[in-house]
Amino acid sequence: MSNSPTQIKLIQPDDWHLHIRDGEVMKDVLADTARQFARAIIMPNLKPPVTTVDLAKAYQSRIESNLKSLGVSDFTPLMTLYLTDNTSADEVRKAKTAGIAAFKLYPAGATTNSDAGVSDLKHCHAALEAMQAVGMPLLVHGEVTSSEIDIFDREAVFIDTVLEPLRQQFPELKIVFEHITTKQAAHYVRDAATGGKNTIAATITPQHLLMNRNAIFAGGIRPHNYCLPVLKREEHRIALLEAATSGNARFFLGTDSAPHAKGAKEAACGCAGCYSAFNALGLYAEAFESVGKLDKLEGFASFFGPDFYSLPRNSKKITLIKQAQSIPTELPLGDATIVPLRAGETIAWSLV
Ligand code: DOR
Ligand code: ZN
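To start, this report covers the structure provided alongside it. (Residues numbered from 1 in each chain as written. Chains lettered and ligands numbered in written order. Predicted model: local features only at pLDDT ≥ 70, side-chain atom pairs only at ≥ 80, totals over all residues. Heavy atoms only, no water.)

1. Regarding the sheet that holds strand S3 (residues 39-42)
- A sheet is described by the order of its strands in space; here eight strands give the open sequence S2-S3-S4-S5-S6-S7-S8-S9, paired in parallel fashion. The open sheet is flanked by strand S2 (15-18) and strand S9 (251-253), the only strands paired with a single partner. Across the sheet, the axes of successive neighbouring strands diverge by a mean angle of 30 degrees, strand direction being ignored.
- Where strand S4 (residues 76-82) lies against strand S5 (residues 102-105), three bridges are found, and the strand directions are parallel. Its bridge partner lying in S5, Leu81 is registered against Phe103.
- Of the strands in this sheet, S3 and S4 touch helix H2 (residues 53-70), which is tilted by about 155 degrees from S4.
- Its contacts with the sheet place helix H6 (residues 183-191) against strand S7 (175-177), strand S8 (200-204) and S9, and it is angled at close to 145 degrees to S8. (Pairing = 2+ DSSP bridges. Helix = DSSP H or I, 4+ residues; strand = E, 2+ residues; numbered from the N terminus. Axes fitted to C-alpha atoms, helices over the stretch in contact; angles between N-to-C directions. Contact = heavy atoms within 4.5 Å.)

Below, the structure written as structure tokens:
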């Protein structure tokens, strides 16, 4: 591949971290994702959360009926369960048998719809032991929640106080450190000793590759650039970009596209979440191109995720072309609207 290609072909990517919500709005956001990705890990932070296999199966059939009414037959949702203080080892084993892809750890109060999250991991001992035994991945929202800890330090403190002790206690547990945002997280995952086993990985969002925390305050408050974990300093963005484009299979694509209606973002207490699904692949291509590493995009977007989850890689190919695309200022979201990431701007890469 030349240094400045105008077209790239790659095996179709998957999104290893996605929110599609439920009800009226699901169809709109699902259409954007299914246009680009073959599969996606579906986050379970609904209200109420998806805590059991039965709830996940019911959610999956609502997703499938929306896909059907969109005329989509080539997209697979990968279902997850929301870990709580009360998740039993039996539910973990049942989930494995039912084909649930992973459990998600939300520290209670860390983010959108996380009130039912885990108050202390010591309550989850039996469930974690079962996950380790059956090879069920644990996806972690890696932030401590205590209000004394500065919001910009919550991820780094989580590594020392939660993640490292968890890995010591369950060395064979497969963990995905989701939507990492700091140099500390990128280096922790890169350097973690695993004895050659596939036990740690991280997803990285497009917004954390393309923006630093100035983007939340550029000329005024920018609610559509606010997500959790919050954007960090430039040195962290650079470390994430380095990790994503390094060719290291521990880092792969997860958009964390998190739809909230315009009114819920542009409010006195606006919700956290960036809606990147509209042209997520174009955004990632821009990030990789910015450091001359477009040749590393396919591994990050299409290979390392399925390899970590022990799923087959996709076989279909897609093409991205360097052709400017305007991002609409708003998109339909049920009976409301949503403001996508980079609304009203032009981005360089589009999916053919
Ligand atoms: O910004 C975020 N939005 N971060 C999360 O962890 C959750 C997500 C959501 O569900 O809106
Ligand atoms: Zn998320």
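2. Some points on the packing of aromatic side chains
- Taken as a whole and judged by the stated rule, the model has nine aromatic pairs.
- On the basis of an interplanar angle of 20 degrees and a centroid distance of 4.7 Å, the ring pair of Trp16 and Tyr309 is categorised as stacked. Of this pair, Trp16 sits in strand S2 while Tyr309 sits in the loop between helix H11 (297-308) and strand S10 (317-326), and the two are 293 residues apart along the sequence.
- By relative accessible area, which is 1% here, Trp16 ends up buried.
- Owing to a relative accessible area of 9%, Tyr309 belongs among the buried residues under this scheme.
- Here Tyr82 and Tyr106 contribute two aromatic rings whose centre-to-centre distance is 5.3 Å and whose plane-to-plane angle is 35 degrees, an arrangement assigned as tilted. Here Tyr106 lies in the loop between S5 and helix H4 (125-134) and Tyr82 lies in strand S4, a separation of 24 residues in the sequence.
- The class for Tyr106 is buried, based on a relative accessible area of 1%.
- The structure contains a cluster of three or more aromatic residues connected by ring pairs, namely Trp16, Phe252, Phe308 and Tyr309.
- Against the face of Phe308 rests Lys174, its NZ or CZ located 4.3 Å from the ring centre. (Phe/Tyr/Trp six-rings, centres within 6.5 Å; stacked < 30°, edge-to-face > 60°. Buried < 20%, exposed > 50% of the residue type's maximum accessible area, 1.4 Å probe, protein only. Lys NZ or Arg CZ within 6 Å of the ring centre and 35° of its normal.)

3. Here we look at the site of ligand 1
- Around ligand 1 there are 14 residues in total, and Arg21, Asn45, Thr111, Leu228 and His260 lie nearest to it.
- Between ligand 1 and the protein, one listed contact pairs an oxygen atom with a side-chain N or O atom of His141 at 3.2 Å.
- Summarising the interface, the protein chains cover 100% of the accessible area of ligand 1, which totals 290 Å² for the free molecule.
- Residue classes in the shell around ligand 1 are distributed as four nonpolar, eight polar and two charged. (Near = heavy atom within 4 Å. Polar contact = N/O pair within 3.5 Å; in protein donor to acceptor, adjacent residues only side chain to side chain. Areas by Shrake-Rupley, 256 points an atom, 1.4 Å probe, with all protein chains shown as cover. Nonpolar A, V, L, I, M, F, W, Y, C, P; charged D, E, K, R; others polar.)

4. Quick notes on helix H10 (residues 280-290)
- In terms of residue burial, H10 counts as a mostly covered element, since eight of its eleven residues are buried.
- Along H10, the residues classified as buried are Ala280, Leu281, Gly282, Leu283, Tyr284, Ala285, Ala287 and Phe288.
- Gly292 sits one or two positions beyond H10 and adopts a positive phi of about 65 degrees.

5. Focus: the sheet that holds S10
- The strand order across the open sheet formed by three strands is S1-S10-S13, and the pairing between neighbours is antiparallel. Both outer strands of the open sheet, strand S1 (7-11) and strand S13 (346-351), are each paired with one neighbouring strand and no more. Strand-to-strand twist of the sheet, defined as the mean angle between neighbouring strand axes without regard to direction, takes the value 30 degrees.
- Note that S1 and S10 share five bridges and pair antiparallel.

6. Observations regarding the coordination of the zinc ion (ligand 2)
- Of the protein atoms, only His17 (NE2), His19 (NE2) and Asp256 (OD) coordinate the zinc ion (ligand 2), at distances of 2.0 to 2.1 Å.
- Site description for the zinc ion (ligand 2): donor spacing in sequence, H-x1-H-x236-D. Linking His17 in strand S2 with Asp256 in the loop between S9 and helix H9 (262-265), this pair joins segments that are 239 residues apart in sequence.
- By relative accessible area, which is 0% here, His17 ends up buried.
- Take Asp256: its relative accessible area is 6%, and that puts it in the buried class. (Donors = N, O, S within 2.8 Å, 3.2 Å for Na, K, Ca; no water.)

7. Digging into unusual backbone geometry
- The linkage connecting Lys47 with the following residue, Pro48, adopts the cis geometry, with an omega of -5 degrees.
- Residue position: Pro48 is located in the loop between S3 and H2.
- Residues other than glycine seldom take positive phi values, yet Arg21 does so here, at roughly 60 degrees.
- With respect to the element layout, Arg21 can be found in the loop between S2 and helix H1 (26-36).
- Backbone geometry places Arg342, a non-glycine residue, at a positive phi of 70 degrees.

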